[in-house]
Amino acid sequence: MSPYVVLEFDDWSEAFSMSMSLIICTIVNISSCISRMVFIYNVKFKYQKYKTTLEGFEIYIPTDTVALKHIKYFSFFVIFLCMSFIIPINGLKMYYIFNNHVNPILMTMYFLFYYIHNLSMVCTELHFAIQCFVVYTKFRDIHEKLIQINDEQNYYNYNVRYPFTVNRMTPKRNDATSLCDIIYEKDFYCSKDKVSPLANTIELLRIKYWLTREAVNDLKGLFGFQMGLSIICIATLTLFDIYTEVFYSRAYSAYYIPVFRSNFLFIGWILQYSSRICTIVFTANTATKQVVKIKKLIAEMNNRYLDCSTKEELHLFYYQLSICPSEFTIFDTFTINNGIITSAIAAGSTYILILVQIHSEK
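Quick caveat, the model's predicted, so the values are computed rather than measured.

## A word on the overall build of the protein chain
Link 1 in the chain: Across its full length, the protein chain holds 9 helices and 2 strands.
Link 2 in the chain: If you list the helices and strands of the protein chain from N to C, you get α-α-α-α-α-α-α-α-β-β-α.
Link 3 in the chain: For the protein chain, contacts bridging at least 24 residues in sequence account for 80% of all contacts bridging at least 6.
Link 4 in the chain: With an accessible surface of roughly 19100 Å², the protein chain has 65% of that area assigned to carbon and sulfur atoms.

## Section: the UniProt feature "transmembrane region" (unreviewed entry) in the protein chain
Link 1 in the chain: If you check UniProt for "transmembrane region" (unreviewed entry), the listed places come out as residues 20-41, 73-92, 112-136 and 222-240 in our numbering.
Link 2 in the chain: The span residues 73-92 is 100% helical and 0% strand by assignment, and the distance between its end C-alpha atoms comes to 29 Å.
Link 3 in the chain: Within residues 112-136, the helical portion is 100% and the strand portion 0%, while the C-alpha atoms at the span's ends are 36 Å from each other.

## Notes on the nonpolar core
Link 1 in the chain: The biggest cluster of nonpolar side chains holds 79 residues, and the ones touching the most others in it are Phe9, Phe111, Phe128, Leu146, Phe317, Phe328 and Ile336.
Link 2 in the chain: Broken down by secondary-structure element, the contributors of at least two residues to this core are helix H2 (20-45), helix H3 (47-60), helix H4 (65-100), helix H5 (104-153), helix H6 (197-251), helix H7 (263-302), helix H8 (308-323) and helix H9 (339-361).
Link 3 in the chain: With 18 residues, the single largest contributor to this core is H5.
Link 4 in the chain: Those residues in contact with isoleucine 336 that lie beyond four places of it in its chain are Phe128, Met227, Ile280, Val281, Ala284, Asn285, Phe328, Thr329 and Ile330.

## Focus: the packing of aromatic side chains
Geometry of an aromatic ring pair is reported as the spacing of the ring centres plus the angle between the planes.
Link 1 in the chain: The full count for this structure, using the stated rule, is 15 aromatic pairs.
Link 2 in the chain: Between tyrosine 41 and phenylalanine 45, the aromatic rings sit 4.8 Å apart at their centres with planes inclined by 40°, giving tilted as the arrangement. Within this pair, tyrosine 41 and its partner phenylalanine 45 are both found in helix H2, separated by 4 residues, close to a single helical turn.
Link 3 in the chain: With a centroid separation of 5.5 Å and 40° between ring planes, the pair formed by phenylalanine 133 and tyrosine 136 is classed as tilted. Within this pair, phenylalanine 133 and its partner tyrosine 136 are both found in helix H5, separated by 3 residues, close to a single helical turn.
Link 4 in the chain: Judged by its relative accessible area of 16%, tyrosine 136 is buried.
Link 5 in the chain: The rings of Phe39, Phe128, Phe223 and Phe328 are connected pair by pair, giving a single aromatic cluster.
Link 6 in the chain: Sitting over the ring of tyrosine 318, lysine 295 keeps its end group 5.3 Å from the ring centre.

## Remarks on the confidence of the model for the protein chain
Link 1 in the chain: Taken residue by residue, the protein chain gives an average pLDDT of 78. The fraction at 70 or more is 80%.
Link 2 in the chain: Per-element confidence in the protein chain ranges from a low mean pLDDT of 74 for helix H1 (residues 2-5) to a high of 89 for H4.
Link 3 in the chain: With pLDDT under 50 throughout, residues 166-194 is counted as low confidence; its partners more than four residues away or in other chains account for 45 contacts.

## Some remarks on empty space enclosed by the protein
Link 1 in the chain: Under the definition given, this model contains 2 cavities of 30 Å³ or more.
Link 2 in the chain: Considered as a void within the structure, the largest cavity measures approximately 170 Å³ in volume.
Link 3 in the chain: Counting residues per element, the ones that place at least two in the lining of the largest cavity are H2, H4, H5, H6 and H7.
Link 4 in the chain: Of the residues assigned to the lining of the largest cavity, the class counts are 10 nonpolar, 4 polar and 3 charged.
Link 5 in the chain: Each pocket or cavity is described by its volume, and for the second largest cavity that value is around 30 Å³.
Link 6 in the chain: Contributing to the lining of the second largest cavity are Leu54, Phe57, Val135, Lys138, Leu211, Thr212 and Ala215.
Link 7 in the chain: Every element with two or more residues in the lining of the second largest cavity is listed here: H3, H5 and H6.
Link 8 in the chain: With 3 residues, H6 is the largest single contributor of residues to the lining of the second largest cavity.
Link 9 in the chain: Partitioning the lining of the second largest cavity into residue classes produces 5 nonpolar, 1 polar and 1 charged.

## Section: the pattern of salt bridges
Link 1 in the chain: Applying the stated rule across the entire model yields 7 salt bridges.
Link 2 in the chain: A salt bridge links arginine 276 to glutamate 125, with the nearest nitrogen and oxygen atoms 2.8 Å apart. Taken together, the residues span a long stretch of sequence, with arginine 276 in helix H7 and glutamate 125 in helix H5 at a distance of 151 residues.
Link 3 in the chain: The class for arginine 276 is buried, based on a relative accessible area of 2%.
Link 4 in the chain: Here arginine 213 makes a salt bridge to glutamate 214, at a shortest N to O gap of 3.8 Å.

## Looking at the side chain of threonine 53
Link 1 in the chain: On the secondary structure map, threonine 53 appears in helix H3.
Link 2 in the chain: The contact partners of threonine 53, leaving out residues within four places of it in the chain, are Leu211, Glu214, Ala215 and Asp218.

## Here we look at the layout of surface pockets
Link 1 in the chain: What the largest pocket holds in volume is close to 630 Å³.
Link 2 in the chain: Along the wall of the largest pocket there are 25 residues; nearest its centre are Ile231, Ala235, Ile277, Ala344 and Ile345.
Link 3 in the chain: Looking at the lining of the largest pocket, the elements that each hand over two or more residues are H6, H7 and H9.
Link 4 in the chain: Counting residues per element, the lining of the largest pocket draws most heavily on H9, which supplies 10 residues.

Rules behind the numbers
Residues numbered from 1 in each chain as written. Predicted model: local features only at pLDDT ≥ 70, side-chain atom pairs only at ≥ 80, totals over all residues. Heavy atoms only, no water. Helix = DSSP H or I, 4+ residues; strand = E, 2+ residues; numbered from the N terminus. Contact = heavy atoms within 4.5 Å. Areas by Shrake-Rupley, 256 points an atom, 1.4 Å probe, with all protein chains shown as cover. UniProt positions renumbered as here; feature names shortened; annotations may be inferred. Core = buried A, V, L, I, M, F, W, Y, C linked by side-chain atoms within 4.5 Å. Buried < 20%, exposed > 50% of the residue type's maximum accessible area, 1.4 Å probe, protein only. Phe/Tyr/Trp six-rings, centres within 6.5 Å; stacked < 30°, edge-to-face > 60°. Lys NZ or Arg CZ within 6 Å of the ring centre and 35° of its normal. pLDDT = per-residue confidence, 0-100. 1 Å grid on protein atoms, 1.4 Å probe; cavity = no way out; pocket = protein on both sides within 12 Å on 5 of 7 lines; lining within 4 Å. Points joined across faces, edges and corners; volume = space filled by probe spheres on them. Nonpolar A, V, L, I, M, F, W, Y, C, P; charged D, E, K, R; others polar. Salt bridge = Lys/Arg side-chain N within 4 Å of Asp/Glu carboxyl O.

Here it is as structure tokens:
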């Protein structure tokens, strides 16, 4: 429909050869189309590996009812938050177009399809955020178990969950067993080993971390490209909308009835973009922050008086955390953390000044 609606957009800016609204719509349409194709390919060829990784984690530590409730509450919250901004604002814009535009049917249909494209990208972002929260619950569970063990080692917590941690003395061993050996019985997931029970528990937590890190890598392969497109689109749309808000009031007289823009729509769009990018960045950053907490706790535990087998497991765990970090990245180049927001603000401010200079010259 784009060739039929090019002349119907508002061409208020003299600094550009085409309409700002058309630029915004074109960016979202092309990005959404590419995102859908990549997403279909990833679901067909990569999603099964991620699902298998989570199933493997459930063997070691099944998700309890409390964690499931937290995941459901978080899912409901982020979906409600995003939709509470997106649906009313976009519906209001379509209402303005339908009642004020000279060609309402064509433009309303065009923006309806445009918002469907945009909504498809939002759904992918929400899916990514929910999966990040699932990974966060896995990392948090490992961290909480390490805290429990560390507290019991220092007698800070008298509600003993791991009875073998009460005895801090080095256990007696058989002559046939080396001090560095770790004995596993048939029931590995609930080992009855009386020689190195704490070492077996640390080993089990290390395997849980490995599976969760694999889930993070799978999520990067599934959603990394789409999240990169989403962040680029959100930053670009925010930049153009701020530029429009700065110069739009000077372009027309007070008698002109706004069709595509208004101050209320501008505030709604900024809230919409902010909620989307914060959902992507904060959930990914919160999940990976748990890994830093686990690493600090492992380093603290390693300084305690422990048996040789436990220290060996702690060394292996710390080495694994150091050389195999769990981070959500875009194209394996940009890390999704809180710093990406400040970088976007700094870059956006620079480009706003450039656009202001271009507009003032023309």
